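An overview of the molecular structure
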Amino acid sequence: MAIILALALIAQRPHIPTPKESSLWVVFYVTLALIFAGLMWLFAGGEYAGQFVAGWLTEYSLSIDNLFVFVLIMSQFSVPRRYQQKVLMVGIIIALVLRGLFILAGAAIIEQFSWVFYIFGAFLIYTAWRQAFPGGDHDEEIKKESVVVRLLRRTIDISEDYDGPKVRTLVDGKRMFTPMIIVFVAIGMTDLLFALDSIPAIFGITQSPFIVFTANIFALMGLRQLYFLLGDLLDRLKYLHYGIAFILAFIGVKLIAHAMRENELPFINGGENIAWAPDISTWMSLGVIVVSMVVATGASLIAARREGRDVTLDER
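Residues numbered from 1 in each chain as written. Predicted model: local features only at pLDDT ≥ 70, side-chain atom pairs only at ≥ 80, totals over all residues. Heavy atoms only, no water.

**Things to note about a nonpolar patch on the surface**
Formally: A patch consists of residues exposed above 30% relative accessible area that lack any salt bridge, with like charges linked at up to 9 Å and nonpolar side chains (Val, Leu, Ile, Met, Phe, Trp, Tyr) linked at up to 5 Å. Accessible surface is estimated by sampling points in the Shrake-Rupley manner with a 1.4 Å probe; for residues, cover comes only from the protein chains shown. The term salt bridge refers to a pairing of a side-chain nitrogen on Lys or Arg with a carboxyl oxygen on Asp or Glu at a separation within 4 Å. Every helix listed is a DSSP run of H or I at least four residues long, and every strand listed is a run of E at least two residues long, numbered separately from the N terminus. Here's how the labels work: a residue is buried when its accessible area is under 20% of the maximum for its type, exposed when over 50%, partly exposed in between, all with a 1.4 Å probe on protein chains only.
Together, Ile35, Leu39, Leu42 and Phe43 make up an exposed nonpolar region whose accessible area comes to about 470 Å². Position of leucine 39 relative to the elements: it lies in helix H2 (residues 19–44). By relative accessible area, which is 42% here, leucine 39 ends up partly exposed.

Structure (structure tokens):
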């Protein structure tokens, strides 16, 4: 409901949010998530509340990483800043739909095949390595247009300029798409890739589809305001990807350990459970997630401050 209301407000009054406005909205959404966690603690118990908070923080950290890519896409397609709210809102809705579908599929697969945790775990460890050591010019790789975007350019008429936030416009009496359609497709493809990472990650924290879905909703709700609140600060979070990589690797190891304890594959330990595999608790997971993000963010801000001080000294 909050997302639908926000979309209606953006459609009627597209603008660049002030830092104060963005801050209030971010605090509002974070408070909502914490109230929801409190209600879960009250009605379902501390274990489920802890799973929700750990899942929410994991998805929130991955969503912040998603913002880096959104910034590059906005820059690549020169989206006017006052219309970026609409682009972000559409991107969030696409992300919710894709993640909802993946959650349903993931829950069904996990219920039938417990060995899928081996695959999820290995995938997250690979993703963590790719996150920490992307290789080459990562920004340029992101800026390369996807096959879908290139196909779109060849198959439909697209105007040279934006017409406000519109997707369709009239040029010399001819109906055409605006570049906004390409931006939406690029954002949608990005959402798809991030959903592939985020869903296995949160299933490593909880197997409850309800908690998985609500954690994703609360993580995505404040993403639009966070984009404008952080602004140039995103460029200063240079070590954030290491924190996210550590979280993904940790959850990957946790998933593999869980798969070993529930092992049913005949070619591993004769199809028997592996008793010595560690059972990593929800609260330990929550601690690792919080410490990883605090350390990565703190190190990034300290490094940015030192670089700023060095630049000031050089100018003198």
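**Re the environment of serine 61**
Test applied: Contacts are assigned to residue pairs with any non-hydrogen atoms lying within 4.5 Å of each other.
Looking at where serine 61 falls in the secondary structure, it is placed in helix H3 (residues 46–76). With 137 residues separating them along the chain, serine 61 and serine 198 place their C-alpha atoms 9.9 Å apart. Apart from residues lying up to four places away in sequence, serine 61 is in contact with Ile244, Ile247 and Met293.

**Topic: unusual backbone geometry**
Glycine aside, residues mostly have negative phi angles, and peptide bonds mostly take the trans form. If you check the backbone angles, serine 78 has positive phi at about 50° while not being a glycine. You can see serine 78 is positioned in the loop between H3 and helix H4 (84–112).

**Digging into the pattern of salt bridges**
Inspection of the entire model under this criterion finds four salt bridges. The residue aspartate 163 makes a salt bridge to lysine 166 at a minimum N-O spacing of 3.8 Å. By relative accessible area, which is 29% here, aspartate 163 ends up partly exposed.

**Considering the packing of H3 against helix H12 (residues 240–261)**
Convention followed: The axes used here are C-alpha line fits, helices contributing only the stretch in contact, and every angle between their N-to-C directions lies in the interval 0 to 180 degrees. Angle categories: roughly parallel below 35 degrees, roughly antiparallel above 145, roughly perpendicular from 65 to 115, and oblique for all the rest. Left-handed describes a crossing whose near helix is turned anticlockwise from the far helix by less than a right angle; the clockwise case is right-handed. Here the term charged refers only to Asp, Glu, Lys and Arg, the term nonpolar to Ala, Val, Leu, Ile, Met, Phe, Trp, Tyr, Cys and Pro, and the term polar to all other amino acids, Gly among them.
Contact geometry of H3 with H12 gives a least axis separation of 10 Å together with a crossing angle of 140°. When the axis of H3 is compared with that of H12, the two are oblique. Between H3 and H12 the crossing geometry is left-handed. Here Thr58, Ser61, Leu62, Ile64, Asp65 and Phe68 of H3 come into contact with H12, specifically with Leu240, Ile244, Ile247, Leu248 and Ile251. Across the contact of H3 with H12, the residue classes break down as eight nonpolar, two polar and one charged.

**Some words on the pairing of strand S2 (residues 174–177)**
Note the threshold: Any two strands between which DSSP finds at least two bridges are classified as paired.
Where strand S1 (residues 168–171) and S2 come together, four bridges link them in antiparallel fashion. Bridge pairing in S2 places leucine 170 opposite arginine 175. In this antiparallel pair of consecutive strands, S1 and S2, the connection spans two residues, and aspartate 172 shows a positive phi of 55°.

**Quick notes on the side chain of serine 159**
Cut-off, in case you're wondering: Contacts described as polar in this section are N or O atom pairs within 3.5 Å, which, within protein, must combine one atom able to donate a hydrogen with one able to accept it, while residues neighboring in sequence count only if both atoms come from side chains.
Tracing the backbone through its elements, the reader meets serine 159 in the loop between helix H7 (147–155) and S1. Polar side-chain contacts of serine 159 include one of 2.9 Å to the backbone oxygen of aspartate 161. Excluding anything up to four places from it in sequence, serine 159 contacts Thr169, Val171, Met176, Phe177, Thr178 and Pro179.

**A few points about the confidence of the model for the protein**
How we decide: Each residue carries a pLDDT score, the predictor's own confidence in it, on a scale running from 0 to 100.
For the protein, per-residue confidence averages 80 on the pLDDT scale, and residues scoring 70 or more make up 86% of the total. Counting contacts from residues 7–12, a segment whose pLDDT is below 50, to residues more than four positions away or on other chains yields six contacts.

**Some points on helix H5 (residues 116–132)**
Filter applied, for reference: Take the residue count of a helix, subtract one, and multiply by 1.5 Å to get its expected span.
Counted at 1.5 Å a residue, the expected span for H5 with its 17 residues is 24 Å, and the 24 Å between its end C-alpha atoms agrees. By the burial criterion, the buried members of H5 are Val116, Phe117, Tyr118, Phe120, Gly121, Leu124, Thr127, Ala128, Gln131 and Ala132. Structurally, H5 contributes buried residues whose contacts are with H3, H4, helix H8 (180–203) and H12.

**Comments concerning the side chain of aspartate 191**
We count it as follows: Residues scored as positive are Lys and Arg, those scored as negative are Asp and Glu, and His as well as the terminal groups of each chain are ignored.
As for its position among the elements, aspartate 191 is in helix H8. This buried residue, aspartate 191, is left without a salt bridge; arginine 99 holds the nearest opposite charge, at 5.7 Å. Excluding residues within four positions of it along the chain, aspartate 191 makes contact with Asn66, Phe70, Gly91, Ile94, Ala95 and Leu98.

**Details of the nonpolar core**
Rules: By convention a nonpolar core is built from buried Ala, Val, Leu, Ile, Met, Phe, Trp, Tyr and Cys residues, the set being connected through side-chain atoms within 4.5 Å.
Membership of the largest hydrophobic core comes to 85 residues, with the highest contact counts inside it found for Phe52, Trp56, Val87 and Ile251. If we skip the residues at most four places from it in the chain, isoleucine 251 touches Thr58, Leu124, Ala201, Gly204 and Ile205.

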